Amino acid sequence: MIHSMQTMIDDVYQAKLQNEEFKFVQMEAEFKALASQINPHFLYNTLDTIVWLAESGEQKKVVRMVGSLSDFFRASLNQGKDIVSIREELMHVRSYLEIQQVRYQDIMQYEINIPEELNPYMIPKITIQPLVENALYHGIKNKRGLGKIIITGVKEKDYFRLIIEDNGIGINKDRLMQIRNEINNNKLDGKGIYGLYNVNERIRLNFGEEY
């Protein structure tokens with residue numbers, strides 16, 4: 001009987017190990033799948049802008065945009081790392097903003113206020129850029145006059161906060177409630193919240209529900 005019980009315990013233990021391994025593999029696969037699906041459309045628009053600038057004789061702007069584009073992809077790849085420091089993430093988003101500022105120089109300004117003490121902390125790669133992209137395309141572009149995007153970092157006692165805000169047209173309260181419900185319930189309806197959903201899922205999968 002003791003032998004049978006020990007065998008059963010071993011079987012249960014092995015089954016649990018296999019189950020935990022499956023969950024980890026599943027989580028890792030989902031993490032990488034979500035990370036790889038960041039919307040790349042700005043790349044095509046950037047290349048079109050570079051061609052247009054070159055044809056217009058704007059050599060300095062061409063050099064600036066090509067350099068920023070190179071920095072953007074270098075930070076995006078980041079030697080295959082899925083988790084990066086805030087310093088590295090800011091290099092990525094800054095290159096993105098520099099590209100967009102050339103494209104939308106008449107309507108967009110940006111400001112980054114992240115204290116240096118936050119630079120070593122780690123976050124999933126490509127966390128800030130999709131939110132900045134939302135601020136630009138859903139807030140600033142539909143606003144009359146000059147718009148501004150501000151990225152702020154705040155250190156609290158046991159955690160830190162990264163805040164992306166803009167002075168664009170805002171959002172309907174009902175739509176905001178709908179988006180929050182979808183994100184909180186982990187359900188995507190396919191109506192324009194992919195960037196937010198993506199960021200939310202990658203943080204949750206990597207750091208747990210406490211985030």
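Check the entry above for the structure.
Residue numbering note: each chain is counted from 1, following its sequence as written. With pLDDT at 70 or above as the cut-off, local features in this predicted model cover only qualifying residues; side-chain atom pairs require 80 or more to be listed or tallied, and sums for whole chains, interfaces and linings still use all residues. Only hydrogens and water are set aside; all other atoms, that is, all heavy atoms of the structure, feed into the side-chain values.

1. Let's talk about helix H2 (residues 41-55)
In DSSP terms, a helix is any run of H or I states spanning at least four residues, a strand is any run of E spanning at least two, and both are numbered starting from the N terminus. Take the number of residues in a helix, subtract one, and multiply by 1.5 Å to get its expected span. Helix length check: H2, at 15 residues, gives a terminal C-alpha distance of 22 Å against a target of 21 Å (1.5 Å per residue), a fit within 8%. The classification of residues rests on relative accessible area computed with a 1.4 Å probe and restricted to protein chains. Under 20% of the type maximum is buried, over 50% is exposed, and intermediate values are partly exposed. Within the span of H2, buried status applies to Phe42, Leu43, Thr46, Thr49, Ile50 and Leu53. Along the long axis of H2, the arc covered by the buried residues comes to 120°, so they all point the same way. Facing away from the buried surface of H2 by more than 90 degrees, the exposed residues are Asp48, Trp52 and Glu55. Gly57 lies just past H2 and shows a positive phi near 80°. Think of it as the arc spanned by the lines of direction from the helix axis to the C-beta atoms.

2. Quick notes on unusual backbone geometry
Trans peptide bonds make up most of the peptide bonds, and negative phi angles are found at most residues other than glycine. In this structure, Ile126 is a non-glycine residue whose phi angle is positive, near 60°. One can find Ile126 in the loop between strand E3 (122-124) and helix H5 (129-140). With a relative accessible area of 10%, Ile126 lands in the buried category.

3. Brief notes about the packing of aromatic side chains
Side-chain rings of Phe, Tyr and Trp (the six-membered ring for Trp) are treated as a pair once their centres are within 6.5 Å; stacked means planes under 30 degrees apart, edge-to-face means over 60, and tilted covers the remaining angles. Throughout the structure, instances matching the rule amount to 4 aromatic pairs. Centre to centre, the rings of Phe72 and Phe73 are 5.5 Å apart; their planes meet at 90°, and the pair counts as edge-to-face. Classification of Phe72 by relative accessible area gives buried; the value is 5%. A relative accessible area of 33% means that Phe73 is categorised as partly exposed. With 5.4 Å between their ring centres and 45° between their planes, Tyr121 and Phe160 make a pair best called tilted. Placement of the pair is Tyr121 in the loop between strand E2 (108-113) and E3 and Phe160 in strand E5 (residues 160-166), with a sequence separation of 39 residues.

4. Observations concerning the side chain of Thr152
Its place among the elements puts Thr152 in strand E4 (residues 147-155). With relative accessibility at 18%, the residue Thr152 sits in the buried group. Discounting chain neighbours no more than four positions away, the residues touching Thr152 are Asn113, Ile114, Arg161, Leu162, Ile163 and Glu165. The criterion used for residue contact is that any of the two residues' heavy atoms lie within 4.5 Å.

5. Points about helix H6 (residues 173-184)
Here H6 spans 16 Å end to end across 12 residues, near enough to the 16 Å set by a 1.5 Å rise per residue. Taken together, the buried positions of H6 are Ile179, Glu182 and Ile183. Seen from one end, H6 has its buried residues packed into an arc of 95°, which puts them on one side. Exposed and facing more than 90 degrees away from the buried side of H6 are Lys173, Asp174, Met177, Arg180 and Asn184. Each element contacted by the buried residues of H6 is listed here: helix H7 (194-207). N or O atoms closer than or at 3.5 Å make up a polar contact, with two conditions inside protein: a donor-capable atom paired with an acceptor-capable one, and, for residues adjacent in sequence, both atoms drawn from side chains. For H6, the side-chain oxygen to backbone nitrogen distance between the N-cap and Asp174 is 2.8 Å, and the N-cap itself is Asn172. One or two residues past the end of H6 sits Asn186, with phi positive at roughly 60°.

6. Looking at the nonpolar core
In terms of nonpolar packing, the biggest core is built from 28 residues, with Val132 and Ile151 touching the most fellow members. The leading source of residues in this core is helix H4 (residues 86-103), at 7 residues. Sequence-distant contacts of Val132, that is, excluding residues within four places in its chain, are made with Val93, Tyr96, Leu97, Ile149, Ile151 and Ile164. Joining through side-chain atoms within 4.5 Å is the link that ties buried Ala, Val, Leu, Ile, Met, Phe, Trp, Tyr and Cys residues into a set, and such a set is a nonpolar core.

7. Looking at the packing of H4 against H5
Between H4 and H5, whose axes approach to 10 Å, the crossing angle comes to 25°. Compared by their axis directions, H4 and H5 come out roughly parallel. Crossing geometry of H4 relative to H5 is assigned as right-handed. Between H4 and H5, the residues in contact are Glu89, His92, Val93, Tyr96, Leu97, Gln100 and Arg103 and Gln129, Val132, Glu133, Leu136 and Tyr137, respectively. Partitioning the contact of H4 with H5 into residue classes produces 6 nonpolar, 3 polar and 3 charged. Lines fitted to the C-alpha atoms define the axes, with helices restricted to the stretch that makes contact. Angles between their N-to-C directions range from 0 to 180 degrees. By the definition adopted for this analysis, an angle is roughly parallel if under 35 degrees, roughly antiparallel if over 145, roughly perpendicular if from 65 to 115, and oblique otherwise. Should the near helix be turned anticlockwise from the far one by less than a right angle, the crossing is termed left-handed; should it be turned clockwise, right-handed. All residues other than Ala, Val, Leu, Ile, Met, Phe, Trp, Tyr, Cys, Pro, Asp, Glu, Lys and Arg, Gly among them, are scored as polar; the first ten of these are nonpolar and the last four charged.

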